[in-house]
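# Coordinate inspection notes
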Amino acid sequence: MRILYLLVLFLFSCDNQNKLSNLDNYINDSLNDWDLPGLAVAVVHDNKIIYAKGFGLKEIKKNNKINKNTLFQIGSVTKGFASASIASLVDDGLLKWDDPIVKYLPWFKLKNVNISNNITIRDLLAHTSDMPAHAYHSLEIINELEVAKRAELLDIQSNDKKYRYSNQAYGLISLLVESVTKKKWGDWLTERIFEPLNMKNSFSSPYEVWDSLYVAPTFLGTAPSKSISIKNNPRLNVAMPHGKYRNTYRKVLPWQSYDNLQTAGSVVSNVMDMANWIRFHINEGKFENQQVISKNNLLEMHKPQIENIGYFLFADSTSEVKLGRAEGITSSKNYYGLGWSIGTFQGEVHLSHGGGIFGFPAFISFLPEKKAGVVVLANGSLWTPYYPHHEITAHIYSKLFDFEQKDLHYIMMDKTNAILNQVSNLYKARNSQRNPSAKQTLPIENYLGFYENDLAGPFEIKIEDTLLRLEFKGKGAFSGQLEHWYDNTFILYFDGGDGQAYESSLITFIIENSKNVTGVDLGSFGRYNRILLNN
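Quick look at the structure, then. (Residues numbered from 1 in each chain as written. Predicted model: local features only at pLDDT ≥ 70, side-chain atom pairs only at ≥ 80, totals over all residues. Heavy atoms only, no water.)

For soluble globular proteins, nonpolar side chains are generally found buried alongside one another. Formed by 123 residues in total, the largest nonpolar core has its most connected members in Phe81, Ile86, Trp277 and Phe509. The element best represented in this core is helix α8 (residues 167–181), accounting for 8 residues. Not counting chain neighbours up to four residues away, the residues in contact with Ile86 comprise Leu95, Trp97, Ile121, Leu125, Ile173, Leu176 and Val177. Counting 35 residues, the second largest nonpolar core, distinct from the first, contains Val43, Phe312, Ala394 and Met413. (Core = buried A, V, L, I, M, F, W, Y, C linked by side-chain atoms within 4.5 Å. Buried < 20%, exposed > 50% of the residue type's maximum accessible area, 1.4 Å probe, protein only. Helix = DSSP H or I, 4+ residues; strand = E, 2+ residues; numbered from the N terminus. Contact = heavy atoms within 4.5 Å.)

Okay, the sheet that holds strand β19 (residues 467–472) next. Pairing is antiparallel in the closed barrel, where 8 strands are placed in the order β17-β18-β19-β20-β21-β22-β23-β24. Between one strand and the next, the sheet's axes are offset by a mean angle of 35°, whatever the strand orientation. Taken together, the 5 bridges between strand β22 (residues 504–512) and strand β23 (residues 516–521) define a ladder with antiparallel strand orientation. Counted as the bridge partner of Thr508 is Asp521 from β23. (Pairing = 2+ DSSP bridges. Axes fitted to C-alpha atoms, helices over the stretch in contact; angles between N-to-C directions.)

Time to look at the layout of surface pockets. The space that makes up the largest pocket amounts to roughly 1,000 Å³. Taken together, 43 residues make up the lining of the largest pocket; nearest its centre are Ser76, Tyr165, Asn167, Gly356 and Tyr502. At the level of elements, α6 (136–139), α8, α10 (262–265), β14 (348–357) and β15 (360–367) are the ones that each hand at least two residues to the lining of the largest pocket. Ranked by residues supplied to the lining of the largest pocket, first place goes to β14 with 5 residues. Residue classes in the lining of the largest pocket are distributed as 23 nonpolar, 18 polar and 2 charged. Computed from the structure, the second largest pocket encloses a volume of approximately 480 Å³. Lining the second largest pocket are 26 residues, and of these Thr222, Ala223, Ser225, Lys226 and Asp495 lie nearest its centre. Where the lining of the second largest pocket is concerned, the elements lending two or more residues are β6 (250–252) and β19. Broken down by element, the lining of the second largest pocket gets its largest block of residues, 3 residues, from β19. Its residues assigned to classes, the lining of the second largest pocket comprises 11 nonpolar, 9 polar and 6 charged. (1 Å grid on protein atoms, 1.4 Å probe; cavity = no way out; pocket = protein on both sides within 12 Å on 5 of 7 lines; lining within 4 Å. Points joined across faces, edges and corners; volume = space filled by probe spheres on them. Nonpolar A, V, L, I, M, F, W, Y, C, P; charged D, E, K, R; others polar.)

Now for the pairing of strand β21 (residues 489–494). For β21, the tally of buried residues reaches 6 of 6 residues, placing the bulk of the element in the interior. Bridge count between strand β20 (residues 479–486) and β21: 6 bridges; the pairing is antiparallel. Bridge pairing in β21 links Gly480 to Phe494. Counted along the chain from β20 to the antiparallel partner β21, the turn is 2 residues long, and its residue Asp487 has a positive phi close to 45°. In the sheet, β21 pairs with β22 via 5 bridges, with the strands oriented antiparallel. Following the sheet pairing, Tyr493 is matched in β22 by Ser504.

Close contact between helix α13 (residues 387–401) and helix α14 (residues 408–432) brings their axes to 10 Å; oriented N to C, the two are set at 165°. When the axes of α13 and α14 are compared, the pair comes out roughly antiparallel. Both α13 and α14 take part in a crossing whose hand is right-handed. Touching Tyr387, Pro388, Glu391, Ala394 and His395 of α13 are Leu408, His409, Met412, Lys415, Thr416 and Ile419, all from α14. For the contact of α13 with α14, the per-class residue count stands at 6 nonpolar, 3 polar and 2 charged. (Parallel < 35°, antiparallel > 145°, perpendicular 65-115°, else oblique. Left-handed = near helix turned anticlockwise from the far one by under 90°.)

This paragraph deals with the side chain of Asp123. Relative to the elements of secondary structure, Asp123 occurs in helix α5 (residues 121–126). In terms of polar contacts, Asp123 uses its side chain to reach the side chain of Lys161, at 2.4 Å. Every residue in contact with Asp123, bar those within four places of it in the chain, is listed here: Asn118, Thr128, Ser129 and Lys161. (Polar contact = N/O pair within 3.5 Å; in protein donor to acceptor, adjacent residues only side chain to side chain.)

Within the open sheet, the 8 strands sit side by side as β2-β1-β16-β15-β14-β13-β12-β11. Their pairing is antiparallel. At either end of the open sheet lies a strand with only one pairing partner, and these are β2 (48–56) and β11 (306–308). Each strand axis lies, on average, 25° off the axis of its neighbour in the sheet, ignoring direction. The pairing of strand β13 (residues 341–345) with β14 spans 5 bridges and is classified as antiparallel. Bridging across to β14, Gly343 finds its partner in His350.

What follows concerns α14. Taking 1.5 Å per residue, 25 residues should reach 36 Å; α14 reaches 36 Å between its end C-alpha atoms and fits that length. When α14 is considered as a whole, its buried residues turn out to be Leu408, His409, Met412, Met413, Thr416, Val423, Tyr427 and Arg430. (Expected span 1.5 Å × (residues − 1).)

Take it as geometry only, folks, not as evidence of what the structure does.
So, in structure tokens, the structure goes:
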């Protein structure tokens, strides 16, 4: 009887693999269309990794191929690990999902202390915390505690517990875990998640993979070393992220630290380890006969907390569909759980999350009722961050389960081209504002000096090789080159970023009495006052 059972399992496994027999060709034929240097894919079904492979190059212009063990940064896919670390603490009786965070972080406060006093752990994980937002953590080299404490200086934007995606809210989770366990979040994650799931090639920070010379120390910064390549890390199997130079040709980027908001996006992994992460979720908290997190708390992560706008390209329409075990969902609208996006695909409950570290778009997904999941990790920035990942995911599920067959590649490329056209029109509109023959209102020397505000700075605007530059303090902090655009408005080309969505921004100097520069408006990065130095 046992032999018959094993034979059925073997034949079933072979059938699944046969259904994906053309996947290699599908991906290889599409890589150029996707504009990706390379990627890796793993597929899980019925507690087995039935497919795992790499495609393309670890680094452009070098003949080093990506394989199933190549390391990538996974960005916001980290949020599921943040939620799991809380689930483990709930299992241990050390906290509860609905505890206020000030119970464990009594020093934390916002301008409106009534808001901060009522933020729960669940609110942080569901993006319903009303946490105000600012980019200061991406500009300066500051630690996670300082990031959290400066939140008190931010203006309150809302007090309605609506869905607002917040990396700054998630960043508090690592501090909370440290407060409760007296251990660093990365150590707790390794002990309670990575080791039990046999995720031997996963890390909580890029600094566990690279020497600090080769890591940008802040999200919009640059690596201290100007020479960035896989040759700088010969001992490990790493992919290099790729962006573009001013939205033109591909260039190699450094890995980026997100350690000052660690639980929002700092994890490093490969598709084999992430396949084990999928198996753990499909098996309701169990891995290799060990209950790593209780079923109740694992499924709590999967429950919808609040409706949001889904971004899975091939999600079902808004018509009513029959759903599986995800309690609280009544239609194919999208929801956010605790570290997971929840929707439907072909009538099946579909949990997923994307990650967007520069040059490392990542996407993970699973269908709990089908006991199947897909992870795709890539190494090239995109204007459509996860569209290739969505296409691969939908293609795999459609083949495995004989779902309705659509021309997924055509749909994806059509949507991609529409977005690229929008981007092109935005660039044209911005460029039409420029007057290349006009001079700035004041002599160039008048703009030089130091600027700061209560949240960030100081930074310096100086002349270097006849060009204006903006530089925050510290090696690798945010910096860029200024070019005159019109009047007192300049374009700031970032030294860091991806060279696409985070390539540049227009900034405007604030002039008093038509002659004195009193500050500068950096747009989404805030407004800064000029520091007047005593002679």
